[in-house]
Amino acid sequence: MATQGGIGASVKRKEDRRFLVGKGQYTDDIVLPDQAYAVFVRSPHAHAKLKKIDVAAARTSPGVLAVLTGEDVAADQLGGIPCGWLVKSKDGSNMVEPPHPALAQGSVRHVGDPVVMIVADTKAHARAAAALVDVDYQVLPAVAHLADATAPNAPLVWPEAKGNVCYDWHIGDPARTDAAFKTAAHVIELALTNNRLAPNAMEPRCANGWYDAANDHYTLYTTSQNPHLIRLLMAAFTLHVPEHKLRIIAPDVGGGFGSKIYHYAEELLVTWASRRTGRPVKWTADRMEAFISDAHGRDHRSTAKLALDKNHKFLGLQVHTYANLGAYLSTFASAVPTYLYGTLLSGPYDLPAIYCEVLAIFTNTVPVDAYRGAGRPEAAYLLERLVDKAARELNVDPIELRRKNMIQPEQFPYQTQVALQYDIGNYQATLDLALERIDYKNLAKRKQASAANGKLRGFGVSTYIEACGLAPSALAGALGARAGLYEAANVRVHPTGSVSVFTGTHSHGQGHETTFAQLITEKLGVPVENVEVVHGDTDRIPFGMGTYGSRSLAVGGSAIIKAVDKIIDKGKKIAAHLLEANVSDIEFGNGQYRVVGTDRVKAFGEVAFAAYVPHNYPLETLEPGLEESAFYDPKNFTFPGGTHLVEVEVDPETGVVEVADVAIADDVGVIVNPMIVDGQAHGGLAQGIGQALLEEAVYDADGQLVNGTYLGYVMPRAADLPMFKVGNHVTACTHNPLGVKGVGETGAIGVPPAVINAVLDALAPLGVTDISMPATPEKVWRAIQAAKKGA
Amino acid sequence: MAITLRVNGQAHTIDCPSSTLLVEALRDNLRLTGTHVGCDSSQCGACTVHVDGRSVKSCTMLAAEAVGSDVTTIEGLAKGGELHPMQAAFADHHGLQCGFCTPGMVMSAVDLCRRTPKASEHEVRHWLEGNLCRCTGYHNIVKAVQAGGAAMAAKGVK
């Protein structure tokens, strides 16, 4: 029987109350004594030389404390913003890694590039002074789109990056793949774009830096998914201050979705400006500023070919991708279109030959980095669109084509042709479950009902896989990572038996304060309400690599379990002493230490108390206290996967696509809190449907972001979405102690191709064969008109 | 200029420029930071409060316009330490994740359910068109609003 409140229970969230009564504490809610405020003057041009920066009027504006430029950054020898992953090109050469000064030096390379920092006693004074800064720009030719940046004689973002290429990377076996295509009975080809997205966490980024001169110590409050990583990068690369003099606090954070992983210039600049002015300095992005300073996501153009034999078994896959990196390399940017994309191209399929080439391209746009899914949605979209196209061209059922080519349950562990080894899964089971949930057998009736209303109903399927639980450090290091990717935990049992858990992961909506407490309840029998989970403060938590890539439970949770196991073992020694028995005769369960086969027991709380009040205690052989730390480095990635099914209704008169039904079956491994897992799936689905139907960050050819507000960038609202049917089929991960895989990104990865496949299914009777994301009413309507003309 | 605002049942006199928005007065002058700012185009609804019982985006009005009105923020919704039924429903139905949009969602939902105690799913979804959430996909928010409305009616809570 499961422990009450332990693994498998939908415990209500411990963190909810403070948010519901308006007492959450987000970074912008914090006002420090003597608080000063920063605003940035940012480039209005996509590419320009800085001829002259006149800050004289700003310096004498009321309330101004400092006006800082790239020259000051250089004079104080602040380091450039580093990239965390070194990717090598095919020929073994390193990627082109241009400088990334915190404030522009000599040139600006995207709209939003920060040029001048104003610090003043109030926000209003800082804004007023910013308006007085006069920058003389010599505007240069710019490139924003992949097609333009890769054209012959395109303007260069960086002179050292010929053809704007950052790296020319590949994975897989070209000869084996060529050979597979030579024997193919059928070859299906597809060209597609993965649309550029703005992550848009509801809380804009904010940073508040404070230098305590008396103690020569820095504190930075920041909207971060990984405060220890920020400390590491500031200590080693940008601020050049040792870790013990630098405290990073990421308090309540209002969503991240990847955009708050990275070390941003503003974090460095407010901390540095505090040292220069002697006052704490806070910067809060407004939303338009967020659009041109937060890292974006996706932005790929690809061509792909799938080879099949006469029985429709997959023989090989060839992929060529251009990936837009923007103007500078953000923290994880180089890893996203390579190790989080190319390695995922086998999907859930037994694919005997794969070859993928990726050209990463600089453009005069804001940097592109990981956004919910990060590389894996791009892989799933390409593969699932291609498989659907194959089914349509070969006139076979898209479900049966997938089923025929899936890795069979008995084939695990399965070694793909693109480096990964999947430990376990059951893709057929998720497919069956999702089909049942959406009532597939009555699809024809629903299509008829829609047709009777003048609507076209389409059905779309996507079977996907992802790699989560980043990452085995040795493997990541071999692939170019410049940091380890383990996780750390400290578990402190207090004298009266309550527990504090310190985790290096960060919760910004995921509910770790509840889920991680449930691990303690499950293992130690301590009620959830007696467990505190602490995160987000480098002074309170030993170390950590933070939260991204659905890694928190798989890696951070495993570290907690390791620490708890040490607690249990130490408790056995204490209990053996108290019970006058051999340690080997002590067992632990249901919150009690017991002499095996007897009714002689000591409750966990009694053992904890004895550890701190060691009057009767084996002090010669055992230290007092009950607190343990652990670091956990994963043995492999985890591999969540599943099936996402979508039904849409298209109005052929207007092109409006309504999402009529969504049913998914995921395999995210063992589920600790089903309520929270379902909630994560819902959120991912909304973002995935947003990508498919609504969202796109649009740059014009000159590098202006034309829809950088909530008026122009369309995100899903409540009326755009249906209720979601969410199911799970569990196969337990084989290599971590909890059997968990990760759930944060499933929806964003699996559902976009299912939506587009459904739209194309709806439009197939009209002769439409392709549509790009987002499938807006205008685009759908135009596709219908074009098909009519062509017919 | 000095203005007196009545917020959560208490009168506060503050000194602020005439251009001060209500949301700025609440957050910066009164330090009621439960009301959030998520955009600069009155699109996200994170700043929703009640002015004389009606939900209003507090970034769309000047603080001076609220003089003489009763303003209620998320901090004023729970009474005597007990959550308002709508707040309780959001917790019971996992209607929040990161919590940033939550105060605006709850204030907007309370207004809906005062007007329409048994709002349908369709009505809830369309009422909430002024409130963006990036975490929940709205699924559990819709459930929470319907349950919260039912609880308000059952308990006779406005």
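So, how was this worked out
Residues numbered from 1 in each chain as written. Chains lettered and ligands numbered in written order. Predicted model: local features only at pLDDT ≥ 70, side-chain atom pairs only at ≥ 80, totals over all residues. Helix = DSSP H or I, 4+ residues; strand = E, 2+ residues; numbered from the N terminus. Rg over C-alpha atoms; globule rule 2.2 N^0.38 Å. Contact = placed C-beta atoms within 7 Å. Buried ≥ 20, exposed ≤ 12 C-beta atoms within 10 Å, placed from the backbone. Nonpolar A, V, L, I, M, F, W, Y, C, P; charged D, E, K, R; others polar. Pairing = 2+ DSSP bridges. Axes fitted to C-alpha atoms, helices over the stretch in contact; angles between N-to-C directions. pLDDT = per-residue confidence, 0-100. Domains from an automatic or database assignment. Core = buried A, V, L, I, M, F, W, Y, C linked by C-beta atoms within 7 Å. Right-handed = clockwise from strand over helix to strand, strands pointing away. Parallel < 35°, antiparallel > 145°, perpendicular 65-115°, else oblique. Expected span 1.5 Å × (residues − 1).

A.B. asks: Provide a residue-level description of the overall build of chain B, including the pertinent values.
C.D. replies: In terms of regular secondary structure, chain B is built from 5 helices and 5 strands. Listed N to C, the secondary structure of chain B is β-β-α-β-β-β-α-α-α-α in terms of helices and strands. Here the C-alpha radius of gyration of chain B, 15 Å, is about what a compact globule of 158 residues would show, namely 15 Å. Principal-axis analysis of the C-alpha atoms places the extent of chain B at approximately 45 × 30 × 25 Å. The long-range fraction of contacts in chain B, counting pairs at least 24 apart against all pairs at least 6 apart in sequence, stands at 62%.

A.B. asks: Please provide a residue-by-residue account of the overall build of chain A, values included.
C.D. replies: Along chain A, the regular secondary structure elements total 20 helices and 28 strands. At 28 Å, chain A has a C-alpha radius of gyration in line with the 28 Å of a compact globule built from 791 residues. Taking the principal axes of the C-alpha coordinates as reference, chain A spans close to 90 × 75 × 55 Å. Per-residue burial for chain A yields a buried fraction of 59% across its 791 residues.

A.B. asks: Break down the interface of chain A and chain B for me, citing the residues and quoting the values.
C.D. replies: Tallying the contact residues gives 42 residues for chain A and 41 residues for chain B. Among the elements of the structure, α1 (16-20), α9 (287-291) and α18 (674-693) of chain A are those that each provide at least two residues to the side of chain A that touches chain B. When residues of the side of chain A that touches chain B are assigned to their parent elements, the largest contribution, 7 residues, is made by α18(A). Of the residues assigned to the side of chain A that touches chain B, the class counts are 21 nonpolar, 11 polar and 10 charged.

A.B. asks: Quick rundown of the sheet that holds strand β7 (residues 165-172) of chain A? Include the residues and the values.
C.D. replies: All names here are of chain A. Taken in spatial order, the 5 strands make up an open sheet running β7-β15-β14-β13-β8, and their pairing is mixed. The sheet is open, and its two edges are formed by β7 and β8 (186-194), each paired on a single side. Across this sheet, the average inter-strand angle for adjacent strands is 10°, counted without regard to direction. Relative to strand β14 (residues 314-326), strand β13 (residues 300-308) runs antiparallel, the two sharing 9 bridges. In the strand pairing of β14, histidine 300 is matched with alanine 323.

A.B. asks: Report on the confidence of the model for chain B, specifying residues and quantitative values.
C.D. replies: Residues of chain B with pLDDT of at least 70 account for 100%, and the chain-wide mean is 97. On the interface metric, ipTM, the complex scores 0.98, and its pTM is 0.98.

A.B. asks: Lay out the domain arrangement of chain A with the relevant residues and their values.
C.D. replies: Residue and element names in this part refer to chain A. Splitting chain A by domain gives domain 1 (16-22 + 486-632), domain 2 (31-85 + 95-140 + 205-284) and domain 3 (300-470 + 636-790). Contacts between domain 1 and domain 3 engage 16 residues on the former and 19 residues on the latter. Elements that contribute at least two residues to the side of domain 1 that touches domain 3 include exactly α15 (512-524) and α16 (552-579). Among the elements that line the side of domain 1 that touches domain 3, the one with the most residues is α16, at 6 residues. Of the residues contributing to the side of domain 1 that touches domain 3, the split by class is 6 nonpolar, 9 polar and 1 charged.

A.B. asks: Go over the sheet that holds strand β5 (residues 70-72) of chain B, please, and point to the residues and values.
C.D. replies: All names here are of chain B. Spatially, the 5 strands line up as an open sheet ordered β2-β1-β5-β3-β4, and their pairing is mixed. Looking at strand neighbours, the two that pair on one side only are β2 (10-15) and β4 (54-57), the edges of this open sheet. Strand-to-strand twist of the sheet, defined as the mean angle between neighbouring strand axes without regard to direction, takes the value 40°. Looking at chain direction, strand β1 (residues 2-7) and β5 are connected through 2 bridges and run parallel. Note that in β5 the partner of arginine 6 across the bridge is aspartate 70. Each of β3 (48-51) and β4 is contacted by helix α3 (residues 102-115), which is oriented at about 40° to β3, the strand it contacts most.

A.B. asks: How would you summarise the nonpolar core if you had to cite specific residues and measurements?
C.D. replies: Ranked by size, the top nonpolar core spans 309 residues in total, and within it Ala38(A), Ile118(A), Val755(A) and Val759(A) carry the most contacts. Once residues within four sequence positions are removed from consideration, Val759(A) is found in contact with Gly458(A), Val648(A), Val650(A), Val657(A), Ile771(A), Ala775(A) and Val780(A).

A.B. asks: Talk me through the pairing of β13(A); I want residue IDs and the actual numbers.
C.D. replies: Residue and element names in this part refer to chain A. Where β8 lies against β13, 9 bridges are found, and the strand directions are antiparallel. Note that in β13 the partner of valine 187 across the bridge is alanine 307. Counting the residues between successive antiparallel strands, the hairpin from β13 to β14 contains 5 residues, one of them, histidine 312, with a positive phi of roughly 70°.

A.B. asks: Before we move on, could you go through the pairing of strand β10 (residues 217-222) of chain A and cite the residues and values that matter?
C.D. replies: The side chains of a regular strand alternate, residue by residue, between the two faces of the sheet. Residue and element names in this part refer to chain A. For β10, a buried count of 5 out of 6 residues is recorded, marking the element as mostly surrounded by other parts of the structure. Between the antiparallel neighbours strand β9 (residues 206-212) and β10 lie 4 residues, among them aspartate 216 with a positive phi of about 50°. Pairing between β10 and strand β11 (residues 246-249): 4 bridges, direction parallel. In the strand pairing of β11, leucine 220 is matched with isoleucine 248. Assessed by its sense of winding, the connection that carries the chain from β10 through helix α7 (residues 227-238) to β11 is right-handed.

A.B. asks: Tell me what's going on with the packing of α16(A) against helix α17 (residues 604-612) of chain A, and back it up with residues and numbers.
C.D. replies: Residues and elements named next belong to chain A. The N-to-C vectors of α16 and α17 enclose an angle of 90°; their axes lie 10 Å apart at closest approach. As summarised for this structure, α16 and α17 are arranged roughly perpendicular, according to the angle between their axes. Of the residues in α17, those in contact with Gly571, Ile574, Ala575 and Leu578 of α16 are Phe604, Val607, Ala610 and Ala611. A class-by-class count of the residues in the contact of α16 with α17 yields 7 nonpolar, 1 polar and no charged.

A.B. asks: I'd like a description of helix α13 (residues 443-452) of chain A, backed by residues and values.
C.D. replies: Sparse coverage of α13(A) is indicated by the burial of 1 of its 10 residues. Gly454(A) occupies a position one or two residues after α13(A) and carries a positive phi of about 80°.

A.B. asks: Tell me about the domain arrangement of chain B, residues and numbers included.
C.D. replies: Residue and element names in this part refer to chain B. Once the domains are mapped, chain B shows domain 1 (2-76) and domain 2 (85-155). Centre-to-centre separation of domain 1 and domain 2, based on C-alpha positions: 21 Å. Taken together, the 16 residues of domain 1 in the interface contact 11 residues of domain 2. Every element with two or more residues in the side of domain 1 that touches domain 2 is listed here: β3 and β4.

A.B. asks: Just give me the short version of helix α10 (residues 376-394) of chain A, but keep the residues and values in it.
C.D. replies: Its 19 residues place the ends of α10(A) 27 Å apart at the C-alpha level, agreeing with the 27 Å of an ideal helix rising 1.5 Å per residue. Burial analysis of α10(A) places 16 of its 19 residues in the buried class, the great majority of the element.

A.B. asks: Describe the environment of Pro152(A), naming the residues involved and giving the relevant values.
C.D. replies: Locating Pro152(A) in the fold gives a position in the loop between α5 (146-149) and β7. Sequence spacing of Pro152(A) and His729(A) is 577 residues, and the spatial spacing of their C-alpha atoms is 50 Å.

A.B. asks: Tell me about unusual backbone geometry, and name the residues and values.
C.D. replies: All names here are of chain A. Of note, the amide linkage connecting phenylalanine 412 to proline 413 takes the cis form, showing an omega dihedral of -5°. Of the consecutive residues methionine 773 and proline 774, the connecting peptide bond is found in the cis state with omega at -5°. Summarising the element assignment, proline 774 is placed in the loop between α19 (746-763) and α20 (777-790). The backbone phi angle of aspartate 216 is positive, close to 50°, even though this residue is not glycine. In this structure, aspartate 216 sits in the loop between β9 and β10. With 10 C-beta atoms counted inside 10 Å, the residue aspartate 216 sits in the exposed group. Backbone geometry places phenylalanine 257, a non-glycine residue, at a positive phi of 55°. Judged by C-beta crowding, with 29 C-beta atoms within 10 Å, phenylalanine 257 ranks as buried.

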